[in-house]
Each structure stands twice: as C-alpha cells, then as structure tokens.
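What the coordinates show
Each chain, written out:
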4 protein chains.
Amino acid sequence: MKQETEAKIRDFFEQNDHFAAQNRILIEEIDEGYAKASLIITKEHLNGAGVAHGGAIFLLADFALALASNSYGTLALGINNSISYLNAAQENEHIYAVAKEVEKNHKLASYTVTINGKDDRVIAIMQGMVYRKDKQFI
Amino acid sequence: MKQETEAKIRDFFEQNDHFAAQNRILIEEIDEGYAKASLIITKEHLNGAGVAHGGAIFLLADFALALASNSYGTLALGINNSISYLNAAQENEHIYAVAKEVEKNHKLASYTVTINGKDDRVIAIMQGMVYRKDKQFI
Amino acid sequence: MKQETEAKIRDFFEQNDHFAAQNRILIEEIDEGYAKASLIITKEHLNGAGVAHGGAIFLLADFALALASNSYGTLALGINNSISYLNAAQENEHIYAVAKEVEKNHKLASYTVTINGKDDRVIAIMQGMVYRKDKQFI
Amino acid sequence: MKQETEAKIRDFFEQNDHFAAQNRILIEEIDEGYAKASLIITKEHLNGAGVAHGGAIFLLADFALALASNSYGTLALGINNSISYLNAAQENEHIYAVAKEVEKNHKLASYTVTINGKDDRVIAIMQGMVYRKDKQFI
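Here the structure is a predicted model, which is why all the values come from computation and not from measurement. (Residues numbered from 1 in each chain as written. Chains lettered and ligands numbered in written order. Predicted model: local features only at pLDDT ≥ 70, side-chain atom pairs only at ≥ 80, totals over all residues.)

Turning our eyes to something else, we now look at the relation of the copies chain A and chain B. Mapping chain A onto chain B calls for a screw motion: a turn of 180° about the axis and a shift of 0.0 Å along it, with 0.0 Å RMSD after fitting. Here the two chains are linked by the operation of a two-fold rotation axis. In terms of C-alpha distance to the rotation axis, chain A has S82(A) as its closest residue, with the C-alpha 2.0 Å off the axis. (Least-squares fit on C-alpha atoms with pLDDT ≥ 70 in both.)

Have a look at this one:
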C-alpha cells in the first residue's frame, strides 16, 4: 500500500469517525485488507463489574475491521459481527485489535479480528462481514 | 419484579457502568429477564459515513442485554454476541433496544435484542449469551 | 402468497435440496418471508453424547431460513448464520423450526429462526443473513 | 497427545456420532485443542442451487470443532456457532475443516474453524464456543 493512501485513510478516519475518537481508539497500522488499532483502558471504559466494557472491546475490534475493509479506498459497511469474550481486560491495560481479511468478493468481504492484552492474553475474537459499495471515499 | 429491586439495579448500573454513561445510554425499563434502553444519536455517535456508529448501536444493545441478564440480582457476564445491521440510524434519531430472555439455565442464558428507530424501522438485531455467576451484586 | 407459488417452491426444494431430503427434513408451511420445517429425531441424527446433533438442528433451522428467504421466487444465498443451543433434543422427539423475516433490502435480508421441541421447549435460536440475487428460480 | 488417547477419541466419534457418519464426514487428525476433518461432496450433499449445502459445510466444521474441544477426554458441548460462507463448494470437491483452539478456561472454550476446498479456496469460516463438563467420556 502506498504511504500516501495510508495517510489519506488515516486522516479520513481520525477526522470523521467521531465515536471512535470520542472513546480514545488509536490507529496503529493500515495495509490492504489489514489493520491494527489499540486502546488504553481507563475508568471511562469500565462496566459494572469493574473491568473493560464489552462495548469498548467491540468498538476497538469493529474499528480495526472498518480500517481493514475500507483500506482499498472504497466504502465498506459492516453488516454482521460475532464476538466472543475470552478474558477480562483491566483498567490501565493497553489492548490491541488486529483485523485480517479472510476473503473479499465483489460485494462482500469477511474479516477475523483478534483482540489481545498484556502478556498476549486473548481478550476476545470477532468475525465480521461487510458489504462493499462502489463509492470512493478518499 | 419488586420496584425496590428495579431501583437497586438501575442505581447500580447508573453508578458503575461508566462506558454506557459516558456514551449517554439511558435506562428505560427493567423487569425479570427483560430490559429497554435508549440513545439519542448525536454527532459524537457518528462513524465516517456520517450515520450512527455500529459500535454505538452495539453498546446500546449490549447494555439492554446486561440489564435483562442481571435483572435477577446475580452477576451475568456476556460471553458471545452476534449483531446484524439492517438500517442506518441518523443524527438526532432516538433509538431503542429491547432485550428479551429466550432461555435461562443454571449457568447460561440467551437473549434476543431488537434495536428500533424512527417509524419503528429495525436498525439492528442481536443475539447474546451470558455466563451466570452465583455472586449477588445488589 | 398464492397457493400455486407455494406449491412451486415446495416442489423445487423437495426435488433439489438433496441434503435436506437425505436427512429427512420436512416442509410444513411456506409464506412470504416465513416458513416452518420439522424433523423427527431418529438414531441417525444423534451425536456422541446421545442427543440430537448440533448439525441436524442447524440443518433444520437453515432449511426453514432457506424456504423463507426464497419465498419470493428469486434466489437467496445464505452468507452468515449464528446459532445458540439452549436445550438438548432427544431421540424420537419431533422438533420444529420457524423462520421469520426481520428485514429485507434490495440485496440483503435477515431472519430469526426459533427451534422448539416437546412442550414448547426452546431447543435453539438462529439469526441468519442472505444475499439476494435477481435470478428467478421458479 | 498420546497415540492411544487419539485412537480412543477417534473410535468414540466413529462409533457414536451417527449424524456425522451418516453424512460421510471423515476424521483426518486429532490433537490437543486441534482437529482436522474432511468431506467429499457428492450429490446427496447438494442444495437447491446445485452446490454444497450450507448445512453440510456447517456439519463438517462443527464436527472438527467437536473433535478439537473433546480432545482432552472430558465432554464439551457446543453452545454457540457463527459461520460465514465465502465461496461455493462443488460436487466431487474434497473439502477440509481445521479447528484450532483460541482459548480454554475452566468452563468455556473457543475455537476458530477454517473450511478450505480445491486450490485452497476458503469455503467458510466458523467461530464456536463450547461448555466444558467435568465428565470423562473415554
């Protein structure tokens, strides 16, 4: 992937994905059909049980998936996600989501996202599908 | 469900679920194995395509599921969620999530969550499973 | 739905869905965006634990979903299914799957399938999505 | 894994998993938290569109998952599966499912299953969760 394209996609998401920005999700890497994002768990990301909220972990994974599926410069919209939670993430932990493309057809594409925390513990795993529009967004 | 129990659960979630509060999720109703929550979509909930973020819709649905599955006063932890996005929700739209219990065993329980917006459009549908601990939290 | 259309769809599936026929899945009802199918659990449907195989329950649910999503006479292909198993079904039990359309757009549609057994016990619940082709098949 | 244990698990499944045997699913490999199974698609595995039935692909994947999750000799029961279909499999094609453990706790474990066909095309991908009983079955 050209550095210029990566920069454009990064800028687009940093300026327009308000929900991810508001919740302090960070872009780490973007490549064709691949992306990595991260999140430092603070008090505002906790649930009633005092650990990282499922919704915060989902958002991190979904954002990595959005970066990976939009990495071709044409709009991809999430249509289905399935997430399994495997280990709790704690306050102050820095967690990472890596999205990898499994398959891409003309209209649909599928991704696996793995979310890891400290000592490479698996926090969660997500499988996601997107619908691909012809529309260029960058 | 006793009004007193409902008030305790409502208080517990309003005080301790920081991620839901931070993102302005509102509790509407709680009953045994049932809950309704809502969200007014503002700019901060939008994604790069200018509509409500999948992560915000997921959070709303997940929160309704958490209320419903914790309505017995014992701790229930989400282990798996599958969400399908069916229609986009727009800025200023008031959307609702209703979680209903499908089955509850000793250790596991399953819920269907429907998310609706203006004119009863279906925004998304979620299927979720929880693991039930013996621990009382209220 | 016209009785003639129902008969055509029923004939099409009974003659062409070899895997469902081979495993003794029965068509009960077909309407627009709706279908009911059933299965009598015999020894050949059991798993190693001596109860109905998850694959047999999935097949029954998937078949009801296929009938419902193909009820308009244009081809619909399954792209994603999520199933949760809630109670075991026993040998000789007659189980039913009811598929209901949640939403249908130009290209995608979503269905909820509930599988029930004796005394209306919920055996499983499935959420499925299909991709809709323009091709007529009847 | 001891060869003797593998042989016992293989025997158990070959003798007791009637639904897999009936549909000609083959065991290829079993190791701790890992398994591979295969299926030669014949006419009896086809759906109305003339390609491998989603239910047959699911069964193959689910069976690999069952082998992997039962590889410790204690009973594991499937509670949730999410499958995405990515490419059609054709009559006479020999397809393979490989199940790998993502995480295993005391009561729950999670697996990713990849189903591949000719020329390593990805046919489908599945994410599955099991509930682990204390009961020894071999």
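The transform that puts chain C on chain D rotates by 180° and translates by 0.0 Å along the axis, for an RMSD of 0.0 Å. A shared interface surface links the copies, since 100% of the contact residues of chain C are contact residues in chain D too. (Contact = placed C-beta atoms within 7 Å.)

With that settled, the discussion passes to the interface of chain C and chain D. Each side of the interface is counted separately: chain C has 31 residues, and chain D has 31 residues. Element by element, the count of residues in the side of chain C that touches chain D is highest for strand β3 (residues 74-85) of chain C, at 10 residues. Residue composition of the side of chain C that touches chain D, by class: 13 nonpolar, 14 polar and 4 charged. Relative to strand β3 (residues 74-85) of chain D, β3(C) runs antiparallel, the two sharing 5 bridges. Bridge pairing links S82(C) to S82(D) in β3(D). (Helix = DSSP H or I, 4+ residues; strand = E, 2+ residues; numbered from the N terminus. Nonpolar A, V, L, I, M, F, W, Y, C, P; charged D, E, K, R; others polar. Pairing = 2+ DSSP bridges.)

Often, the extent of an interface is quoted as the loss of accessible area on bringing the components together. On the side of chain B, 31 residues touch chain A, which itself brings 31 residues to the contact. Among the elements that make up the side of chain A that touches chain B, the one with the highest residue count is strand β3 (residues 74-85) of chain A (10 residues). Classifying every residue of the side of chain A that touches chain B by side-chain character gives 13 nonpolar, 14 polar and 4 charged.

This paragraph deals with unusual backbone geometry. Positive phi, normally seen in glycine, also occurs at D119(A), with a value near 55°. Relative to the helices and strands, D119(A) resides in the loop between β5 (108-116) and β6 (122-136). The exposed category is assigned to D119(A), around which 5 C-beta atoms lie within 10 Å. One non-glycine residue, N92(C), lies in positive phi territory at about 75°. Considering the arrangement of structural elements, one finds N92(C) in the loop between β3 and β4 (94-104). (Buried ≥ 20, exposed ≤ 12 C-beta atoms within 10 Å, placed from the backbone.)

One finds L60(A), L60(B), L60(C) and L60(D) to be the most contacted residues of the largest nonpolar core, which totals 181 residues. Other than its neighbours up to four places away in sequence, L60(C) contacts I25(C), A37(C), L39(C), I95(C), A97(C) and I115(C). (Core = buried A, V, L, I, M, F, W, Y, C linked by C-beta atoms within 7 Å.)

On the basis of which strands lie adjacent, the open sheet formed by 12 strands has the order β1(C)-β2(C)-β4(C)-β5(C)-β6(C)-β3(C)-β3(D)-β6(D)-β5(D)-β4(D)-β2(D)-β1(D) and antiparallel pairing. With one partner strand each, in any of the chains shown, β1 (26-31) of chain C together with β1 (26-31) of chain D form the two edges of the open sheet. Direction aside, the axes of adjacent strands within the sheet are offset by 20° on average. With 10 bridges joining them, β3(D) and strand β6 (residues 122-136) of chain D adopt antiparallel strand pairing. In the strand pairing of β6(D), Y85(D) is matched with A124(D). Relative to strand β2 (residues 34-40) of chain D, helix α3 (residues 54-69) of chain D is tilted by about 150°, and along the sheet it contacts β3 of chain C together with β1, β2, β3, β4 (94-104), β5 (108-116) and β6 of chain D. (Axes fitted to C-alpha atoms, helices over the stretch in contact; angles between N-to-C directions.)

This next bit is on the packing of helix α3 (residues 54-69) of chain A against helix α3 (residues 54-69) of chain B. At a minimum axis separation of 9 Å, α3(A) and α3(B) run at an interaxial angle of 155°. Relative to α3(B), α3(A) is oriented roughly antiparallel. The hand of the α3(A)/α3(B) crossing is right-handed. Contacts between α3(A) and α3(B) involve G54(A), G55(A), F58(A), L59(A) and D62(A) from the first element and G54(B), G55(B), F58(B), L59(B) and D62(B) from the second. Within the contact of α3(A) with α3(B), the residues separate by chemical class into 4 nonpolar, 4 polar and 2 charged. (Parallel < 35°, antiparallel > 145°, perpendicular 65-115°, else oblique. Left-handed = near helix turned anticlockwise from the far one by under 90°.)

Attention now goes to the confidence of the model for chain A. Looking at chain A as a whole, the pLDDT averages 97, with 100% of positions reaching at least 70. Here the predicted complex scores 0.97 on pTM and 0.97 on ipTM. (pLDDT = per-residue confidence, 0-100.)

Attention now moves to the sheet that holds β3(A). Overall, antiparallel pairing links the 12 strands, which are arranged β1(A)-β2(A)-β4(A)-β5(A)-β6(A)-β3(A)-β3(B)-β6(B)-β5(B)-β4(B)-β2(B)-β1(B) in an open sheet. Only two strands of the sheet have a single neighbouring strand rather than two, namely β1 (26-31) of chain A together with β1 (26-31) of chain B. Going from strand to strand, the sheet's axes swing by 20° on average, the running direction of each strand aside.

To continue, consider the environment of A97(B). Residues and elements named next belong to chain B. Assignment of secondary structure puts A97 in strand β4 (residues 94-104). Note on A97: 29 C-beta atoms within 10 Å, which makes it buried. Sequence-wise, A97 and I27 are 70 residues apart; in three dimensions their C-alpha atoms are separated by 9.9 Å.

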